[in-house]
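# Report on the structure
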Amino acid sequence: MNHTKIRNKISFPKILCSMLGHKIVTTRNVTNHFKEYKCSTCGIEMTNDLNGHKTFLTPELKDINESLISLYKKRHFATL
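Below, the structure is looked at part by part. Everything numeric here is computed off the predicted structure, so don't read it as measured data.

The next thing to look at is the overall build of the protein. The helix and strand inventory of the protein stands at 3 helices and 4 strands. Out of the 80 residues in the protein, the part that is buried amounts to 15%. The long-range fraction of contacts in the protein, counting pairs at least 24 apart against all pairs at least 6 apart in sequence, stands at 22%. Surface summary for the protein: the accessible area is close to 6500 Å², and the carbon and sulfur share equals 59%.

Time to look at the side chain of Asn-65. Tracing the backbone shows Asn-65 in helix α3 (residues 59-79). In this structure, Asn-65 is in contact with Val-30, Glu-36, Thr-47 and Leu-57, ignoring residues within four places of it in sequence.

Let us now look at the pairing of strand β3 (residues 45-48). The pairing of strand β2 (residues 35-39) with β3 spans 3 bridges and is antiparallel. Within β3, the residue paired with Glu-36 across the bridge is Thr-47. Linking β2 to β3, which pair antiparallel, is a turn of 5 residues; within it Gly-43 sits at a positive phi near 85°. Bridge count for β3 against strand β4 (residues 54-56) is 3 bridges, and the pairing is antiparallel. Along β4, the bridge assignment pairs Met-46 with Phe-56. Counted between consecutive antiparallel strands, the loop separating β3 from β4 contains 5 residues, among which Gly-52 sits at a positive phi close to 90°.

Conventions adopted
- Each chain has its residues counted from 1, running along the sequence as written.
- Confidence filtering applies because this is a predicted model: local features only for residues at pLDDT of at least 70, side-chain atom pairs given and counted only at 80 or more, and all residues used for totals across whole chains, interfaces and linings.
- Working from all heavy atoms in the structure, the side-chain values ignore hydrogens and water.
- Starting at the N terminus, helices and strands are each numbered in turn, a helix being any DSSP run of H or I of at least four residues and a strand any DSSP run of E of at least two.
- Three exposure classes are used, based on accessible area relative to the maximum for each residue type with a 1.4 Å probe and protein chains only: buried under 20%, partly exposed in between, and exposed over 50%.
- The contact definition used throughout considers only heavy atoms, calling two residues in contact when any of these lie within 4.5 Å.
- Residue burial considers only the protein chains on display, and all accessible areas are found by Shrake-Rupley using a 1.4 Å probe.
- Two strands qualify as a pair provided DSSP detects at least 2 bridges between them.

In short, the description is geometric, and any link to function would need to be established separately.
Structure representation (structure tokens):
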């Protein structure tokens, strides 16, 4: 394999996060219990699962979070 191809796949921020850990920042509150997070170093996105642990944000989970936001807003605006 060519050295330039290897260099393109490995990035410095990913190496930093693998050695030192991610610097997680909350990007969006979905509900009081669910949040979306993003690593400020490597840009990986995460969200909470049902047990409260952080998991990688897949397109399916992103759609679920969007649905939760709309249901949460409808419920709270209906009670006001």
